[in-house]
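Examination of the molecular architecture
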Amino acid sequence: MDIHVFTLFPEMFRGPMDESMVGRAVAGRLVSLHLHNFRDYAPDKHHTVDDTPYGGGPGMVVKPEPLFSAVEAVLGPVPSCPIILLTPQGRPFRQAAAQRLAQFPTFALLCGHYGGVDERVREHLATEELSIGDYVLTGGELPAMVVIDAVVRLLPGVLGSQESTAEDSHAAVLLQAPLYTRPPLFRGWQVPEVLLSGDHQAIARWRRQQALLRTRERRPDLLAEAELSEEDRRFLQGLEP
Ligand SMILES: C[S@@+](CC[C@H](N)C(=O)[O-])C[C@H]1O[C@@H](n2cnc3c(N)ncnc32)[C@H](O)[C@@H]1O
């Protein structure tokens, strides 16, 4: 997979993108991360990338020319891959979006900065807009890293054979059941007996019920989206007062 990031701060990616799963995926050539400083594509001799907003107001606005020129120089005049503008005004980035992006051989991320990006980038360059949450960050670099991490760990061969993404929270909408490891008794706190029983069917049932319970307690909004079996529904109905 090729991921192109258009940013004014490529150095921010060093470190987070060199470590752990993403670092391993890059080192193992499962992913190529291409960092493009769009300041290099600003047409004037001072490489200006921002200007004051038309109509007045605080903050500077990222100019359209450097971003358009950078994307077109790298991806061609009519790019065929998703070009994602990171913006707090975008669609919330969720696991389903990570799963969708993981299917593409190439995608691009546009990182805004200052007070935001000229609207014509959103209208005529980006193919979609993603937000990583209802808060405002200084720039699109951290959101881009969040998207990259969430996508890359889904690629075949990135996680070790012992690890799986299928049971993760949000993979199939529900939150994951609680996890325990050795020792079975820690400071008087016991691991649930069923997990030590070796009865795989009973363990699977317990995990499913815990996932349903957890989701109902913490994120009842997700229950409406989840695919529930008759058994799941009976279990949830049994919890009603
Ligand atoms: C300070 S923000 C600009 C916010 C803009 N004034 C607004 O109210 O929509 C600068 C840049 O950070 C990035 N950014 C900030 N918060 C974000 C979020 N929650 N999700 C995705 N990108 C974000 C965007 O690329 C944005 O252009």
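Computed from a prediction, not measured in an experiment: that's the story for all the values here.

What counts and what doesn't
Residues numbered from 1 in each chain as written. Predicted model: local features only at pLDDT ≥ 70, side-chain atom pairs only at ≥ 80, totals over all residues. Heavy atoms only, no water. Pairing = 2+ DSSP bridges. Helix = DSSP H or I, 4+ residues; strand = E, 2+ residues; numbered from the N terminus. Axes fitted to C-alpha atoms, helices over the stretch in contact; angles between N-to-C directions. Contact = heavy atoms within 4.5 Å. Near = heavy atom within 4 Å. Polar contact = N/O pair within 3.5 Å; in protein donor to acceptor, adjacent residues only side chain to side chain. Areas by Shrake-Rupley, 256 points an atom, 1.4 Å probe, with all protein chains shown as cover. 1 Å grid on protein atoms, 1.4 Å probe; cavity = no way out; pocket = protein on both sides within 12 Å on 5 of 7 lines; lining within 4 Å. Sits in = over half its atoms within 2 Å of the grid points. Nonpolar A, V, L, I, M, F, W, Y, C, P; charged D, E, K, R; others polar.

This part is about the pairing of strand β5 (residues 83–92). Relative to strand β6 (residues 106–111), β5 runs parallel, the two sharing four bridges. Residue pairing in the sheet places I83 in a bridge with A108 of β6. The pairing of β5 with strand β7 (residues 128–131) spans five bridges and is classified as parallel. Residue pairing across strands places L86 opposite L130, the latter belonging to β7.

A separate point is the sheet that holds strand β2 (residues 32–37). The sheet built from five strands is open, its strands ordered β2-β1-β6-β5-β7 with parallel pairing. Of all the strands in the sheet, just β2 and β7 have a single pairing partner and so form its edges. Neighbouring strand axes in the sheet, compared pairwise and without regard to direction, differ in orientation by 35° on average. Of the strand pairs in this sheet, strand β1 (residues 2–7) and β6 are connected by five bridges, and their pairing is parallel. Counterpart to H4 in the pairing with β6 is A108. Seen against the sheet, helix α2 (residues 64–75) touches β1, β2, β5 and β6 and runs at an angle of roughly 155° to β1.

Turning next to the site of the ligand. Around the ligand sit 21 residues, and of these L86, Q89, G112, G115 and Y135 come closest. A distance of 3.3 Å separates a nitrogen atom of the ligand from a polar backbone atom of T87. Backbone polar atom of G112 to an oxygen atom of the ligand: 2.9 Å apart, as the coordinates give it. Contact with the protein chains covers 83% of the free accessible surface of the ligand, which is 590 Å². The site holding the ligand turns out to be the second largest pocket. Listed by contribution, the elements that provide at least two residues to the shell around the ligand are β5 and β7. Ranked by the residues each element gives to the shell around the ligand, the list is headed by β5, at four residues. Residues that form the shell around the ligand fall into these classes: ten nonpolar, eleven polar and no charged.

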